[in-house]
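Here's the letter readout for the chains.
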Amino acid sequence: MSKVNLDLPEVEIREIRLGSLTGFNGTAKELVSACGGCAGKQKDKSRSFSQCLGCGTAQAACTLTLIQDAAVISHGPVGCSSCLHEFAFTYRVNAHLRQIEHPTQRKIFSTNLEEKDTIYGGAKKLEAAIREVYERVKPKAIFIITTCASGIIGDDVESVANAAEAELGIPVAATFCEGFRSKIWTSGFDAGYHAIARKIIKQPREKRNIINVINFWGSDIFKEWFDEFGYEPNYITPFSTVDSLTYSSEAALTIQACATLGSYLGAALEQAYGVPEIRNSPPYGIAQTDRWFRELGQILGKEKEVEEFLKRKKEEYLPKIEALREKLKGKTAYVTAGASHGHSLLALLYELGMKPQGAAIFHHDPVYDNDSRDADTLSHTVSDYGDVPNYNVCNKQEFELVNVLNRIRPDILLARHGGMTLWGAKLGVPSLLIGDEHFGMGYEGLVQYGERILETIENDEFVKNLEKHSVNPYTKWWLEQEPYTFLGGNF
Amino acid sequence: MAGLIEQERYTCAIGALQTVVAIPRAVPILHSGPGCGTMIKGFFERSTGYAGGDTSPCTNFSEREVVFGGTDRLRSIIKNTYKVLDTDLQVVVTGCTAGIVGDDVASVTDEFLDEGKPIVHVETSGFKSNNYVSHSAVVNAIIDQYVSRFEEENEARSEKKLVNVFASIPYQDQFWKGNLREYKRLLEGLGFKVNILFGPHSGGVKEWQSIPKANFNILISPWYGEPIVKNLQRKYGQPYYKFGYVPIGANETTRFLNGVLEFAKEQDCGIDEEKAKAFIAEEERDYYEELDNLATFLLEFRYGLPTHVHILHDAGYVTGLTRFLLHETGIVPKEQYIVDNTPDKYKSQIEADIKATSDKREIPVCFTPDAGAVQNEIRNLNHKGRGLIIGSGWDKELAKEKDYDFLSVACPTPYRIVLTTNYAGYSGGLRVIEDIYNTALATYK
């Protein structure tokens, strides 16, 4: 098991900690059995052609910028925080989902490292920045996210942060998420959560009837679900407060919307603060929904209530699900998404009677931080529904996706991250991106998702028109090659 | 030499990869850490073009390249770029990682150059500068390393009526496509032939090859882009005409066009002045027909319209909009904020251009890239009447706090989609009027 150590400033990257991969092609079953219980033994493959990846610093920011009363300082050149305004937008437009009537402005800063700082060091600049941010914002906590430049020049960010913390009397957390450290940008989530776990969360004062939900900014379905059992969700981290994070240790348990996101924090809360973490991967598709709720009932001692709840949900939704299956039977699909959530989408497609033709999943964690086989979403999907052909681990390499889609031409493309639907549409394939990560959860989610899939397949006029007029920069040669031609080289 | 920046309104040097994306069928190749491309894509949004965004090749520096250097990986990525993507020009841009570890990028691109490939390299380490500055570095690299290869068939200043235009920075100016199209249309109306160089109305790399042939260059900018026209002056002896802000509306557009005509006379361009003047007169007539019709609304609408404005933008827009709004809509410019990190030596001229807007009022101007600090200042200001804030998406929150109208015209902004709209020129002025008053009218529900 990965041992959480909150005494260290940095958490190890996923490649090392979990043996995670960014390159694989085969079938889902092959991947599951290749990785079965042998984290780190499956050798990663790299590519001799590659396109722009995401990096850790943006993902760390994703976990930190939406905390209501914290400030974030990017210690780097101004470019390393230039996409963070998107989180400010998210915060503003989704605040109502957490009943926040007056969303406050996000406080995002750059130390603006320049050439001379790369020579003389940027520590002084960072010190001054922290004081200025404190004066300007009076935040409850300050997070410093590091960048390639600050990492390579070797600024001692940890010492600066600790000194500032002593001076200002609020948590000042160095968050180590330099882009070049990891090919898996979700390592940045771990970095953000590590900072929270070591600097913000405190030991519990008392246990309370709350359940930690590690998620993004999706709809508030857990409020209604947990209410049935006498609990309230404690959302982590978007729309949380420094205070609500501090006492997340008082929760009865922790659940995750996606194990790729919350793996590390779930384990940290369990190992360092005694909050049990639900092992089963999230409730997408009937099999997994039942399993997940039953484990929830077991931990809360509410087995009977859970059975009643599931019975009610089945009565209400099974006829609707059956009707959708009739309409969607045999329709083909292709999935591109982050790990775990992508596996959940595959389960959902099978549950709706559809035929996944393949998937491009951004990375693969052979095991999560809790070391439990129950948490392996892909393994559940394969054993519940069967194999998935053309299963590719591909960190947003558009050229491979274009090549594959061009061959497979599914009835629908399901995407989870921005930029990927464009190519479905250019090829005339109806494409659907659902931003709300809770949208497909549970019985109601299956119906909602199914309806959206149906709608997307039916309303294909736009993509069919776009296909006729779209521009394609890829060569004819490339589209005729095997999609994984550049995978497995020496670089 | 700025310190802390809150709410940045521009990005770092590698952001000038968008300058490459704006050239038809050109591709930027990033020799950088992972994430640089994503940051730039996230800053500009909807800015993929032909082969930008997720399509751009990138070496995605890892620990291994930081320790051992990344030139081998770069070679492999470039080699395979030719197999995978169909492009006319490849520009290798470098990130902080490559810059700090000191990779010799030229030695790699030279290998492809020797094979006759249209490849260029330019250092754009994020810590070096910002995208306002490095736009010029990218353009000059293309001129020095690519355009120069075609000098024999494109003799310097050999086409009397041909001009090169350097104006909007692609994507950083959200209206770049529309503005460039409008500049081209106006200058052609005067009788010039125009190399506009970026966007769908340029002729791609063929047009770039003909840059030396132009008689002179036109720079529409207070400071960014000036190193380009200076480079061309040295290289091909081309003089340049500079207009220091975005000409918006009739007064400023006519001033700009007359300025170009005067300059052209000195260069012996053979422009038919009478025809050119007639063109200007006709454009003005069209413009004032609209303003004349609108005046009643501006003067009589009795339910409230914005009366004063704060603008947060780069020097070109702050100056252009300030001059336009006062004289052509009557909205009074109050404190104005230039957030493009203007180099000191250009500040006094910009201040003078803004001061010249009016001989009877003071228009305070503040230069700082720390837009968060600017917002705090505006929070503490109090002017009578209904206010308007023109800025980036960040400023929508400020406008709401102050109960002001808000118009999104600057990066970054998730609140507005701009396709081919232009703000420059006569028609641009009319569009600004439509946008401001439609925004105000939309508040009446």
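Criteria and cut-off values
Residues numbered from 1 in each chain as written. Chains lettered and ligands numbered in written order. Predicted model: local features only at pLDDT ≥ 70, side-chain atom pairs only at ≥ 80, totals over all residues. Heavy atoms only, no water. Helix = DSSP H or I, 4+ residues; strand = E, 2+ residues; numbered from the N terminus. Rg over C-alpha atoms; globule rule 2.2 N^0.38 Å. Buried < 20%, exposed > 50% of the residue type's maximum accessible area, 1.4 Å probe, protein only. Contact = heavy atoms within 4.5 Å. Areas by Shrake-Rupley, 256 points an atom, 1.4 Å probe, with all protein chains shown as cover. Lys, Arg positive; Asp, Glu negative; His and termini not counted. Charge placed at Lys NZ, Arg CZ, Asp CG, Glu CD. Polar contact = N/O pair within 3.5 Å; in protein donor to acceptor, adjacent residues only side chain to side chain. Pairing = 2+ DSSP bridges. Axes fitted to C-alpha atoms, helices over the stretch in contact; angles between N-to-C directions. Patch = residues over 30% accessible without salt bridge, like charges linked within 9 Å, V, L, I, M, F, W, Y side chains within 5 Å. Salt bridge = Lys/Arg side-chain N within 4 Å of Asp/Glu carboxyl O. Buried area = accessible area lost by both parts, 1.4 Å probe. Nonpolar A, V, L, I, M, F, W, Y, C, P; charged D, E, K, R; others polar.

*Asks:* I keep staring at the overall build of chain A and nothing clicks. Help me out?
*Replies:* The helix and strand tally for chain A stands at 21 helices and 15 strands. Against the compact-globule benchmark of 23 Å for 491 residues, chain A has a radius of gyration of 22 Å, which places it among compact chains. For chain A, the spread of C-alpha atoms along the three principal axes comes to 65 × 60 × 45 Å. Burial status across chain A gives 64% buried among its 491 residues. Excluding contacts between residues fewer than 6 apart, the proportion of contacts in chain A whose partners are at least 24 apart in sequence is 75%.

*Asks:* What should I look at first to understand the overall build of chain B in this one?
*Replies:* Looking only at helices and strands, chain B features 17 helices and 14 strands. Against the compact-globule benchmark of 22 Å for 445 residues, chain B has a radius of gyration of 22 Å, which places it among compact chains. For chain B, the spread of C-alpha atoms along the three principal axes comes to 70 × 55 × 40 Å. Across the 445 residues of chain B, 63% fall into the buried class. Restricting to contacts in chain B with at least 6 residues of sequence separation, those with at least 24 account for 75%. A total accessible area of about 16,000 Å² is found for chain B, and carbon and sulfur atoms account for 48% of it. Side-chain charges in chain B split into 48 positive and 60 negative, and the spacing between the mean points of these groups amounts to 2 Å.

*Asks:* What is the right way to read the side chain of serine 182 of chain A from this model?
*Replies:* Summarising the element assignment, serine 182 of chain A is placed in the loop between strand S6 (172-175) and helix H9 (187-199). Polar side-chain contacts of serine 182 of chain A include one of 2.8 Å to the side chain of glutamate 15 of chain A. Setting aside anything within four residues of it in sequence, one finds serine 182 of chain A in contact with Ile13, Glu15 and Ser187 of chain A together with Pro34 of chain B.

*Asks:* What am I meant to see in the sheet that holds strand S13 (residues 412-415) of chain A here?
*Replies:* Residue and element names in this part refer to chain A. Spatial ordering of the open sheet is given by S1-S12-S11-S10-S13-S14, a layout of six strands whose pairing is mixed. Bordering the open sheet on either side are strand S1 (23-26) and strand S14 (431-433), each of which pairs with just one other strand. Neighbour-to-neighbour, the strand axes of the sheet open up by a mean angle of 15 degrees, direction not taken into account. One ladder, built from three bridges, connects strand S11 (residues 355-361) with strand S12 (residues 391-394); its direction is parallel. Paired with isoleucine 361 across the strands is valine 393, a residue of S12. Packing against the sheet, helix H2 (residues 28-35) makes contact with S1 and S12, and its axis sits at approximately 125 degrees to S1. Sheet strands in contact with helix H17 (residues 398-408) are strand S10 (332-337), S11, S12 and S13, and its direction is about 175 degrees off that of S10.

*Asks:* In this structure, what is going on with a nonpolar patch on the surface? I would like to understand it.
*Replies:* All names here are of chain B. On the surface, a cluster of nonpolar side chains totalling about 310 Å² of accessible area is made up of Tyr303, Leu441 and Tyr444. Its place among the elements puts tyrosine 303 in the loop between helix H12 (273-300) and strand S9 (308-313). Accessibility expressed as a relative area gives 58% for tyrosine 303, which makes it exposed.

*Asks:* Would you take a moment to explain the sheet that holds strand S6 (residues 193-195) of chain B for this structure?
*Replies:* Pairing between the strands of a sheet comes from backbone hydrogen bonds, and it takes one of two forms, parallel or antiparallel. Residue and element names in this part refer to chain B. One open sheet holds the four strands; their spatial order is S6-S5-S7-S8, and the pairing between them is parallel. Strands at the two margins of the open sheet, each flanked by one partner only, are S6 and strand S8 (240-243). Strand-to-strand twist across the sheet, computed as the mean angle between neighbouring axes with direction ignored, equals 25 degrees.

*Asks:* Could you clarify how one ought to interpret the interface of chain B and chain A in this entry?
*Replies:* Interface extent is often summarised as the accessible area lost during association of the parts. Listed per partner, the contact involves 67 residues of chain B and 63 residues of chain A. Together, the buried faces of chain B and chain A total about 5,600 Å²; carbon and sulfur atoms form 60% of this surface. Looking at the side of chain B facing chain A, the largest losses of area belong to Leu4, Met39 and Val84 of chain B, adding up to 13% of the total buried there. Viewed at the interface, chain A and chain B are joined by six salt bridges. Glutamate 115 of chain A is paired through a salt bridge with lysine 128 of chain B; the nearest N and O atoms lie 3.2 Å apart. Taken together, the links from chain B to chain A amount to 33 residue pairs in polar contact (both at pLDDT 80 or more). Going through the elements one at a time, strand S1 (5-6), helix H2 (36-44), helix H3 (63-68), helix H4 (71-84), helix H5 (96-101), helix H15 (371-379) and helix H16 (394-402) of chain B are the ones with two or more residues in the side of chain B that touches chain A. Considering every element that reaches the side of chain B that touches chain A, the biggest residue donor is H4 of chain B, with nine residues. In the side of chain B that touches chain A, the residues fall into 28 nonpolar, 22 polar and 17 charged.

*Asks:* In this structure, what is going on with the environment of glutamate 182 of chain B? I would like to understand it.
*Replies:* Residue and element names in this part refer to chain B. Here glutamate 182 shows up in helix H8 (residues 176-190). Expressed as a C-alpha distance, the spacing of glutamate 182 and alanine 424, which sit 242 residues apart in the sequence, is 7.0 Å. Polar contacts involving the side chain of glutamate 182 include one to the side chain of serine 427, which spans 3.3 Å.

*Asks:* I would appreciate a short explanation of the side chain of histidine 363 of chain A in the present structure.
*Replies:* Residues and elements named next belong to chain A. Tracing the sequence through the fold places histidine 363 in the loop between S11 and helix H16 (377-385). Taking relative accessible area as the criterion, histidine 363 reaches 3% and is therefore assigned buried. In this structure the side chain of histidine 363 is engaged in a polar contact, spanning 3.0 Å, whose partner is the side chain of aspartate 365.

Shape descriptors only; they carry no functional weight alone.
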